[in-house]
Amino acid sequence: GAGVSQSPSNKVTEKGKDVELRCDPISGHTALYWYRQSLGQGLEFLIYFQGNSAPDKSGLPSDRFSAERTGGSVSTLTIQRTQQEDSAVYLCASSKSSGGVNEQFFGPGTRLTVL
Amino acid sequence: AQTVTQSQPEMSVQEAETVTLSCTYDTSENNYYLFWYKQPPSRQMILVIRQEAYKQQNATENRFSVNFQKAAKSFSLKISDSQLGDTAMYFCALFTSGTYKYIFGTGTRLKVLA
């Protein structure tokens, strides 16, 4: 594809349910980032992958959050036992490699609403 | 700890005028990058301009330019000849090579008035 894609674009779930958010990066991009954007807030850095490896998971808000990347391509962000405070837009970005010299390209985001 | 502060939650500017968005940051690292991103109502985040900390010359991209004051840890964005399509949220961001993390400010909502 031409850009970063994310699915679903919107997700409404009930408190306590698990959700999976998917990110398809630009082909050939080895670095992939996940962010959370809450209403009225900036972007909160969650995790990044270089290839399939996530060197630093300390940005994940709690142990209910996990992420994986397989084949150096698609990534999935999983939130277990969702809470209302998890409601936010989750953005994914990819770049040719990790590092500030490489431009990040963002996806359109997944809006998660936890009822 | 790295921080990015945008002290102007909202701004407006008349079409064709010039506007400056403020950003201050804090980091103890010497090797870092600064960015301005634009997020229109469509939600798609777009890179506007980037500045490497080791470069003294201010970055410029067409109507967009920055005023990078390294000692003051200030990184403002100037938009010249504002256009209606510039209406968006603008985020300032910091990337430090030591942490490999991007830190974003809370954003400035810019409205360009016809």
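Position numbers for residues count from 1 along each chain, tracking the sequence in the order it is written. Chain A is the first chain written and ligand 1 is the first ligand written, with later ones labelled in order. Selection of residues for local features in this predicted model requires a pLDDT of at least 70, selection of side-chain atom pairs for listing and counting requires 80 or more, and totals for whole chains, interfaces and linings are taken over all residues. Remark: hydrogens and water are excluded; side-chain values derive from all non-hydrogen atoms of the structure.

*Asks:* Teacher, can you tell me more about the environment of Cys92(B) here?
*Replies:* Helical segments are the DSSP runs of H or I of at least four residues, strand segments are the runs of E of at least two, and each set is numbered from the N terminus. Positionally, Cys92(B) belongs in strand β10 (residues 88-96). On a C-alpha basis, the gap between Cys92(B) and Lys73(B) in space is 12 Å, while along the polypeptide they are 19 residues apart.

*Asks:* Just to check I follow, could you spell out the pattern of salt bridges for this structure?
*Replies:* Opposite charge on two side chains permits pairing when their charged atoms draw close. Residues and elements named next belong to chain A. Salt bridges are defined as contacts in which a side-chain nitrogen from Lys or Arg sits within 4 Å of a carboxyl oxygen from Asp or Glu. Taken as a whole and assessed by the stated rule, the structure comprises 7 salt bridges over all chains. Asp 24 serves as the salt-bridge partner of Arg 22, at 2.8 Å between the closest nitrogen and oxygen. Each residue's exposure class comes from its accessible area (1.4 Å probe, protein chains only) as a fraction of the maximum for that residue type: buried when under 20%, exposed when over 50%, partly exposed otherwise. Classification of Asp 24 as partly exposed rests on a relative accessible area of 22%.

*Asks:* How do you make sense of the environment of Asn102(A) when you look at a structure like this?
*Replies:* Along the chain, the position of Asn102(A) falls in the loop between β8 (88-95) and β9 (105-106). Residues Asn102(A) and Ser5(A), 97 residues apart in the sequence, show an inter-C-alpha distance of 19 Å. When checking whether two residues touch, look at their non-hydrogen atoms; a contact exists if any pair is within 4.5 Å. Apart from residues no more than four positions distant in its own chain, Asn102(A) is found in contact with Ser95(A), Lys96(A), Ser97(A), Arg50(B) and Tyr102(B). From its side chain, Asn102(A) meets the backbone oxygen of Ser97(A) in a polar contact 3.2 Å long. Whenever two N or O atoms come within 3.5 Å, that pair is a polar contact, provided that in protein one can donate a hydrogen and the other can accept it, and provided that, for residues adjacent in sequence, both atoms are side-chain atoms.

*Asks:* Honestly, the pairing of strand β5 (residues 43-50) of chain A in this entry has me stumped. Any pointers?
*Replies:* Working note: regular strand, side chains alternate between the two faces of the sheet. All names here are of chain A. Within β5, 6 of the 8 residues are buried, leaving the element largely enclosed by the surrounding structure. Direction of pairing for strand β4 (residues 31-37) relative to β5: antiparallel, over a ladder of 7 bridges. In the strand pairing of β5, Trp 34 is matched with Ile 47. Remark: 5 residues form the turn of the hairpin made by β4 and β5, two consecutive strands paired antiparallel; Gly 40 in that turn has positive phi of roughly 75°. One requirement defines pairing of two strands: DSSP has to find at least two bridges between them.

*Asks:* Help me understand the interface of chain A and chain B in this model?
*Replies:* As a measure of interface size, the accessible area lost when the parts come together is often cited. Each side of the interface is counted separately: chain A has 27 residues, and chain B has 17 residues. Buried area: the accessible area, evaluated with a 1.4 Å probe, that two parts lose upon being put together, summed over both parts. Taken together, the two surfaces of chain A and chain B that pack against each other cover about 1900 Å², and 51% of this comes from carbon and sulfur. Taken together, the links from chain A to chain B amount to 1 salt bridge. Between Asp56(A) and Lys101(B) there is a salt bridge, with its nearest N and O atoms 3.4 Å apart. Inspection of the region where chain A meets chain B yields 5 residue pairs in polar contact (both at pLDDT 80 or more). Secondary structure elements with two or more residues in the side of chain A that touches chain B: β4, β5, β8 and β10 (110-114) of chain A.

*Asks:* For this particular structure, what's the right way to read the packing of aromatic side chains?
*Replies:* The geometry of an aromatic ring pair is captured by two quantities: the separation of the ring centres and the angle between the planes. When two rings of Phe, Tyr or Trp (its six-membered ring) have centres within 6.5 Å they constitute a pair, described as stacked for plane angles under 30 degrees, edge-to-face for angles over 60, and tilted for the intermediate range. What the rule picks out here adds up to 19 aromatic pairs over all chains. Aromatic side chains Phe106(A) and Tyr37(B) sit 5.4 Å apart centroid to centroid with 80° between the ring planes, which places their arrangement in the edge-to-face category. One end of the pair, Phe106(A), is in strand β9; the other, Tyr37(B), is in strand β5 (residues 32-39), on a second chain. Under the relative-accessibility criterion, Phe106(A) is labelled buried at 4%. Look at Tyr37(B) and you get buried, because its relative accessible area is 0%.

*Asks:* Any chance you could explain the sheet that holds strand β6 (residues 65-69) of chain A here in plain terms?
*Replies:* Consider a sheet: its strands pair through backbone hydrogen bonds, and that pairing is either parallel or antiparallel. Residue and element names in this part refer to chain A. On the basis of which strands lie adjacent, the open sheet formed by 4 strands has the order β1-β3-β7-β6 and antiparallel pairing. Two strands bound the open sheet, and with one partner strand each, they are β1 (5-7) and β6. Along the sheet, successive strands turn relative to each other by an average axial angle of 15°, direction set aside. Sheet topology note: the strand β3 (residues 19-24)/strand β7 (residues 75-79) ladder contains 5 bridges and is antiparallel. Looking at β7, one finds that Cys 23 is bridged to Ser 75. The convention used is that axes are lines fitted to C-alpha atoms, helices contributing only their stretch in contact, and that angles between N-to-C directions extend from 0 to 180 degrees.

*Asks:* I keep staring at the environment of Leu77(A) and nothing clicks. Help me out?
*Replies:* Among the secondary structure elements, Leu77(A) is positioned in strand β7. In the structure, Leu77(A) is positioned 30 residues away from Ile47(A) in sequence and 9.7 Å away in space, judged by C-alpha atoms.

*Asks:* Can you walk me through unusual backbone geometry in this structure?
*Replies:* Excluding glycine, most residues fall at negative phi; most peptide bonds, likewise, are trans. Residue Pro8(A) follows Ser7(A) across a cis peptide bond; omega there is -10°. Note that Pro8(A) resides in the loop between β1 and β2 (10-13). The backbone phi angle of Ala16(B) is positive, close to 80°, even though this residue is not glycine.

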